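What follows is each chain in one-letter form.
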Amino acid sequence: MKIGERGVFVGYSGPSLNAPPVFSPGAVVSVCRVYAEGIYRCRAISLSGQELTNITDMVLAEEIVPLKAAGDEPRKAPKVELALEATATPESVDRILALPGSKHFNDLRDRAAYVHVVGGHPSHLRTFFTQALVLLSDITNGPTALDGRSGVLKMKACAVERLRLNQHPMVLKAREYVSDGWLIRASRGPNERRPYTKVFLLRGAERVAVQIDGSVLTDWP
């Protein structure tokens, strides 16, 4: 790897010498210095993609997997098992964002897609995901839903990009319906659940539900 290249830290290959670990498995890091024999000094990368110059550590070549650059052949995601923590922090969310294709990444992406479409939180989420969505979104004066009628939450630009929300099948299909005159409803009615797996839309007397995989139900279940 070269200076300025980024990668995913997969874990220290040996015990540290009486020093606490600087990077956690799944963290995105940037190479800031190259030594001989496959040894790098790396900087931590924040949730917004900024280099943290005050957080660095020595990393061996086998402890880091380079991120795919534009035009490169796709690389396999590092096999890093992450436990879902009780509380979401910028660091724990960043570790998930660094592992596209992992279960936790896909789970977070699906829930964030709902917010991106509706402009509000789904209901009955695990605490971690509720907190993660708070970290990844901003409160605005609204409206933020795709139909421009409701919603006060807007996903941060870095979250939209890293979670590829504009390519999510539910977002694509909901946007298609909105462009055809359909209106978004957060739920089927007052005090009803707001499942992240469905977006409810109506046009006159017609009702459809766009599901998480982009499929469409011709009525509200």
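See above for the structure.
Before going into details, it helps to say that this report is about the structure given with it. (Residues numbered from 1 in each chain as written. Predicted model: local features only at pLDDT ≥ 70, side-chain atom pairs only at ≥ 80, totals over all residues. Heavy atoms only, no water.)

**A word on the overall build of the protein**
Item 1. Along the protein, the regular secondary structure elements total five helices and 11 strands.
Item 2. For the protein, the residues scored as buried account for 39% of the 221 residues in total.
Item 3. Pairs at least 24 residues apart make up 52% of the contacts formed inside the protein by residues separated by at least 6 positions.
Item 4. About 12200 Å² of surface is accessible on the protein, with carbon and sulfur atoms providing 51% of the total. (Helix = DSSP H or I, 4+ residues; strand = E, 2+ residues; numbered from the N terminus. Buried < 20%, exposed > 50% of the residue type's maximum accessible area, 1.4 Å probe, protein only. Contact = heavy atoms within 4.5 Å. Areas by Shrake-Rupley, 256 points an atom, 1.4 Å probe, with all protein chains shown as cover.)

**Examining the side chain of S30**
Item 1. Secondary-structure assignment places S30 in strand 2 (residues 28-35).
Item 2. Polar contacts involving the side chain of S30 include one to the side chain of E51, which spans 2.9 Å.
Item 3. Sequence-distant contacts of S30, defined by excluding residues within four places in its chain, comprise G4, E5, R6, R41, C42, R43, I45 and E51. (Polar contact = N/O pair within 3.5 Å; in protein donor to acceptor, adjacent residues only side chain to side chain.)

**Some remarks on the sheet that holds strand 10 (residues 206-211)**
Item 1. Spatially, four strands are ordered 8-9-10-11 in an open sheet, and the strand pairing comes out antiparallel. Only two strands of the sheet have a single partner each, and these edge strands are strand 8 (183-185) and strand 11 (216-217).
Item 2. Pairing of strand 8 with strand 9 (residues 198-203) involves three bridges; the strand directions are antiparallel. Looking at the pairing, R185 lines up with F200 of strand 9. (Pairing = 2+ DSSP bridges.)

**Quick word on the sheet that holds strand 2**
Item 1. The strand order across the open sheet built from five strands is 4-3-2-1-5, with neighbouring strands paired in antiparallel fashion. Looking along the sheet, the strands with just one partner apiece sit at the ends: strand 4 (51-60) and strand 5 (64-66). Sheet twist, expressed as the mean angle between neighbouring strand axes with direction ignored, is 45°.
Item 2. In terms of strand pairing, strand 1 (residues 6-9) meets strand 5 through three bridges, oriented antiparallel. Bridge assignment links G7 to a residue of strand 5, and that residue is P66. (Axes fitted to C-alpha atoms, helices over the stretch in contact; angles between N-to-C directions.)

**Some details on the packing of aromatic side chains**
Item 1. One pass over the structure, following the stated rule, counts four aromatic pairs.
Item 2. Considering the side-chain rings of Y177 and W182, the 5.3 Å spacing of their centres and the 75° angle between planes classify their relative orientation as edge-to-face. Comparing Y177 with W182 shows no difference in burial state: the two are buried.
Item 3. Here the basic side chain of R111 rests over the ring of Y196, its NZ or CZ set 4.0 Å away from the ring centre. (Phe/Tyr/Trp six-rings, centres within 6.5 Å; stacked < 30°, edge-to-face > 60°. Lys NZ or Arg CZ within 6 Å of the ring centre and 35° of its normal.)

**Regarding the pairing of strand 1**
Item 1. Pairing of strand 1 with strand 2 involves three bridges; the strand directions are antiparallel. Bridge pairing links G7 to V29 in strand 2.

**Concerning the side chain of D107**
Item 1. Looking at the element boundaries, D107 is found in helix 2 (residues 103-118).
Item 2. For D107, a relative accessible area of 17% translates into the label buried.
Item 3. Among the polar contacts made by the side chain of D107, one reaches the side chain of K103 at a distance of 2.7 Å.

**Quick notes on the pairing of strand 3 (residues 39-45)**
Item 1. In this structure, strand 2 lies alongside strand 3, joined through six bridges in antiparallel fashion. From the neighbouring strand, R33 faces strand 3, where its bridge partner is R41.
Item 2. Counting the residues between successive antiparallel strands, the hairpin from strand 2 to strand 3 contains three residues, one of them, E37, with a positive phi of roughly 60°.
Item 3. Pairing of strand 3 with strand 4, which is carried by seven bridges, proceeds in the antiparallel orientation.

**Some thoughts on the environment of I3**
Item 1. With respect to the helices and strands, the residue I3 is situated in the segment before strand 1.
Item 2. Assessed through its relative accessible area of 59%, I3 is described here as exposed.
Item 3. It is 9.3 Å that separates the C-alpha atoms of I3 and R41, two residues lying 38 residues apart in sequence.
Item 4. Leaving out residues up to four positions away in the same chain, I3 has contacts with V31, C32, R33 and V34.

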